[in-house]
Amino acid sequence: MKESRRSSRIVSWTNNKGQQIPGIDLGDRTQWLISKHNPEREAQRLVGDAGSATIGLVFGWGNGFLAKELEKVLDTVIVLEPSCMKHFWETIPSGGKISFHWIGETATIPEEMLLICSRYSLSLLSASLGFWTLPGYNSAFPGLFASIRQGCTDFLSYASQDLGLQAKLGETWFENTLQNMVLWKEKIWLFEDREIQPNQSILCLGAGPSGSKGIDLLLKERPMYYLLAADTLYPALWNLGIEPDIVFSLDAQWYSLLHIMGTGSIQQKWMVDAAIHPGLLRLLPRANPRFSDHPLNALFHFHGLPVMSLPSYRNVGEWILHYGTTLSDYAQKRIITFGIDNSYPNYRSYVPGTYLDTWTNTYSSRYLPRESWELSILSRGDTSKLMLTPTGYTHKDFSATAQISQPYPFNGFKSMKNLDWQGVVSKTARYMKEQLNESCGPSGTWHTKPWIAALYPQALGLMKREKITSIEKSMELTRKKTLEKMNVSPIFEL
């Protein structure tokens, strides 16, 4: 038996069986990370009865003894190893049920766990998760396992809320996207540099109450501005005879149709979420899609769609501001913004003339006066983040939005215009049909099956509507309904 020092901290010892035992030199003593004499028995004892767990999160590779024991009883084993061990292990695991990740030893653990867990989100939310660590690792890296566990718990809480939204709206997004695919070829417009006149500034106009100041500018000198406007603001602008250059629509539900109800012929270009309501898309003369993070869009991208992604904006105002800022940099134009500061001066929420402003007036009463209704908006969430501005109250979280600026793929419009949309949809449909006829497999491995991610929100919706208690059963029903839908839809003719 011999002991050899690998670095100032990491040491190694070889036992009678020829097994390499890693340790940490703590100065006054050596903390061995696994049992020196019988690491197999230690691993078997730790695994014990895995209970209902189907996925295991393990802190400590430790030559793989614990992970390999868990591999025998679990669907997936996620191993986290401190990055200080990178120069110690000559080989790391790959393939099979075990996946391996390096992690730091600092306060960045919550962010690291967010990134790591996001790769397995579908499985983590569907299966049962168990946590394991080796006593030696716990002693050598005190507090780290607790931080890892907390980071994973925080992610599951966040992901569950997001999945709740997917369960509610996912089926609508899914169906809308499929129906809209046949229209994009004829709808897409090309951005031309000459659209912005030499003497024009870029005006970003949202539907917030301070948007009225922007409207005042337009009424006085409309030709001086290249106008980017929110869809909610559209009817108010139309009633004043103001035509935006580009309208932005982020909503994908039926009520987005209300933005154009009562208006005349639509001439503007629109930037929309790819899951926009098909009824609205059919009425628009020209539109450009942006694809959200819905798993279905990832499948389209996989089969050739040059997806121009839509970052996770909290509202359409943020999208307009991002587009306007990057367009300003691209065209070297001054940018002016109104109505996207999330302010509430004089207890108003929207520019007069929008359907939302009308709706809130209609439903106000002496039992729920308008002021109380809008103060409830102000008090929603963390009120400590509200700050007073010249136009009213605004959230501090939004104050940094104006700094968002990244190269915007204006030349991507041309590639989307010339894309073989039918080919992309057909290849995606063929792939989904093939996969849908396969078994779902254990939920602990669903992160390896992208087609399940696309259908999972609908499965949750079925569980709720039909009071199904088994996720496996709801997945089977979802697969059947989706195959039926794909067989009768013209966009899926192969």
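Preceding block: the structure.
The text that follows walks through the structure, step by step, so that each part is easy to find. (Residues numbered from 1 in each chain as written. Predicted model: local features only at pLDDT ≥ 70, side-chain atom pairs only at ≥ 80, totals over all residues. Heavy atoms only, no water.)

Below, the discussion takes up the pattern of salt bridges. According to the stated counting rule, one finds six salt bridges in the structure shown. For E192, the salt bridge identified is with R194, shortest N-O distance 3.8 Å. R194 gets classed as exposed once you look at its relative accessible area, which sits at 64%. The closest approach of N and O atoms between R222 and D245, which form a salt bridge, is 3.1 Å. With R222 in the loop between α8 (211-221) and β10 (225-230) and D245 in the loop between α9 (234-239) and β11 (246-249), this pair connects stretches of sequence that are 23 residues apart. For R222, a relative accessible area of 22% translates into the label partly exposed. (Salt bridge = Lys/Arg side-chain N within 4 Å of Asp/Glu carboxyl O. Buried < 20%, exposed > 50% of the residue type's maximum accessible area, 1.4 Å probe, protein only. Helix = DSSP H or I, 4+ residues; strand = E, 2+ residues; numbered from the N terminus.)

Okay, the pairing of strand β6 (residues 76-82) next. Of all seven residues that make up β6, seven are buried, and the element is covered over most of its length. One ladder, built from five bridges, connects strand β5 (residues 55-59) with β6; its direction is parallel. Paired with G56 across the two strands is V77, which belongs to β6. Running through helix α2 (residues 65-71), the crossover from β5 to the neighbouring parallel element β6 is right-handed. Sheet topology places β6 next to strand β7 (residues 98-103); six bridges connect them, and they run parallel. Its bridge partner lying in β7, V77 is registered against I98. (Pairing = 2+ DSSP bridges. Right-handed = clockwise from strand over helix to strand, strands pointing away.)

Once that is clear, we can look at the side chain of S201. You can see S201 is positioned in strand β9 (residues 201-205). Judged by relative accessible area, which is 10%, S201 ranks as buried. Sequence-distant contacts of S201, defined by excluding residues within four places in its chain, comprise M224, Y225, Y226, R334 and I336. (Contact = heavy atoms within 4.5 Å.)

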